[in-house]
Amino acid sequence: MSIRENLERIKEKIRVKSELVGRDPQEITLVAVTKTVEADRIEEAIAAGVNIIGESRIQEAKEKYRKVESRIIWHLVGHLQRNKAKDAVKIFDLIHSVDSAELAKEIDKQAKKIGKIQKILVEANVSGEESKYGLNPEGVITFLQEVSGLPNIKVEGLMTMAPLYENPEDCRPCFRKLRELIEEVKAKNIKNVEMTYLSMGMSNDFEVAIEEGSNMVRIGRAIFGL
Ligand SMILES: *Cc1c(COP(=O)(O)O)cnc(C)c1O
């Protein structure tokens, strides 16, 4: 199937699933994850209606940033090392993977240098898996209290990666926990912190994520067929 057909199919699934749970499909943002995808296929996806692309590695994103000519919004979905923050703020509209105060401070510093307010999400590890990046739920609250005063970052929500289960149904508790965490954060009314985006759901589990309240899905394989 072509990228266009895959994209149509996913949008249809998003529409059907959101309507099934009484949500407006328009409120769900699709990020097409383009890691390992070449620039010409990214252009093809853009022509087929993709508005936002998600990259995973800075080096790869930097190369493609030069090659992709169409105007498009870039998101960073993969882990960010502190020493790459300088490059990240130049490319990405939203960084999904901020998981330490040290990293947030470095992003703030680099964003300040280029006169930008960098939008970020906090990566939470709600599954308790040791190998995953991300802060545990208590860590998220502490993190937000620590970074909310930084003038050149803007926290706009939370992101999580569910463990890779064969049955997407197994991801549900994890997605539910992230949504509960968002409610908990909102109730704390931390200044300068917005909880607009709940970034969760990938190719294999985005429908479950939508049922659990996701409004930003990150989909790679199901679009590009890798
Ligand atoms: C690769 C990746 C995705 C997309 O995963 P698919 O299974 O290809 O849909 C989403 N989020 C992150 C953080 C990723 O690294």
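All of these numbers come straight from a predicted model, not from anything done at the bench.

Enquirer: Could you clarify how one ought to interpret the environment of Ile120 in this entry?
Expert: Here Ile120 lies in strand β5 (residues 118–123). Residue classification places Ile120 among the buried residues on the basis of a relative accessible area of 0%. Apart from the residues within four sequence positions on either side, Ile120 is in contact with Leu94, Ile95, Val98, Phe143, Ile153, Lys154, Val155, Glu156 and Gly157.

Enquirer: Teacher, can you tell me more about the state of the cysteines here?
Expert: Working definition: the covalent bond between the sulfur atoms of two cysteines is a disulfide. Across all of its chains, the model carries 0 disulfides by this definition. Here Cys171 stays unpaired: no disulfide links it, and the sulfur of Cys174, its closest cysteine neighbor, is 6.9 Å away.

Enquirer: I would appreciate a short explanation of helix α5 (residues 101–113) in the present structure.
Expert: Residues separated by three or four positions in an α-helix point in the same direction, a consequence of the helix having 3.6 residues per turn. The terminal C-alpha atoms of α5, which comprises 13 residues, lie 19 Å apart, in line with the 18 Å expected from a rise of 1.5 Å per residue. Listing the buried residues of α5 in full gives Ala101, Leu103, Ala104, Glu106, Ile107, Asp108, Gln110 and Ala111. Where α5 is buried, its residues touch α4 (85–91), β4 (94–98), β5, α6 (137–147) and β6 (153–159). Just beyond α5, the residue with positive phi is Gly115, at close to 65°.

Enquirer: Looking at this model, I keep getting lost on the site of the ligand. Mind explaining?
Expert: In the vicinity of the ligand, the contacting residues are Val33, Lys35, Ser56, Val77, Met161, Met202, Ser203, Arg218, Ile219, Gly220 and Arg221. Within the side chain of Ser203, one N or O atom sits 2.5 Å away from an oxygen atom of the ligand. One of the side-chain N or O atoms of Arg218 is found 2.9 Å from a nitrogen atom in the ligand. Summarising the interface, the protein chains cover 92% of the accessible area of the ligand, which totals 390 Å² for the free molecule. A class-by-class count of the residues in the shell around the ligand yields 5 nonpolar, 3 polar and 3 charged.

Rules and cut-offs
The residue numbering used here restarts from 1 in each chain and proceeds along that chain's sequence as written. Predicted model: local features are reported for residues with pLDDT of at least 70 only, side-chain atom pairs are reported and counted for 80 or more only, and whole-chain, interface and lining totals are derived from all residues. Water and hydrogen atoms play no part in the side-chain values, which are based on all heavy atoms of the structure. Strands here mean DSSP runs of E at least two residues long; helices mean DSSP runs of H or I at least four residues long; both are numbered from the N terminus. Between buried and exposed lies partly exposed: a residue is buried under 20% and exposed over 50% of the maximum accessible area for its type, with that area taken using a 1.4 Å probe on protein chains only. Whether two residues touch is decided by their heavy atoms; if any such pair falls within 4.5 Å, the residues are in contact. What counts as a disulfide here is a pair of cysteine sulfur atoms lying within 2.5 Å. An expected span of 1.5 Å times one less than the residue number is assigned to each helix. Being near a molecule or strand, for a residue, comes down to having at least one heavy atom within 4 Å of it. Two N or O atoms form a polar contact when they lie within 3.5 Å of each other; inside protein one atom must be a possible hydrogen donor and the other a possible acceptor, and for residues adjacent in sequence the pair counts only when both atoms belong to side chains. Accessibility throughout is a Shrake-Rupley quantity obtained with a 1.4 Å probe, and a residue counts as covered only by protein chains that appear here. The nonpolar class holds Ala, Val, Leu, Ile, Met, Phe, Trp, Tyr, Cys and Pro. Asp, Glu, Lys and Arg form the charged class, and all remaining residues, Gly among them, are polar.

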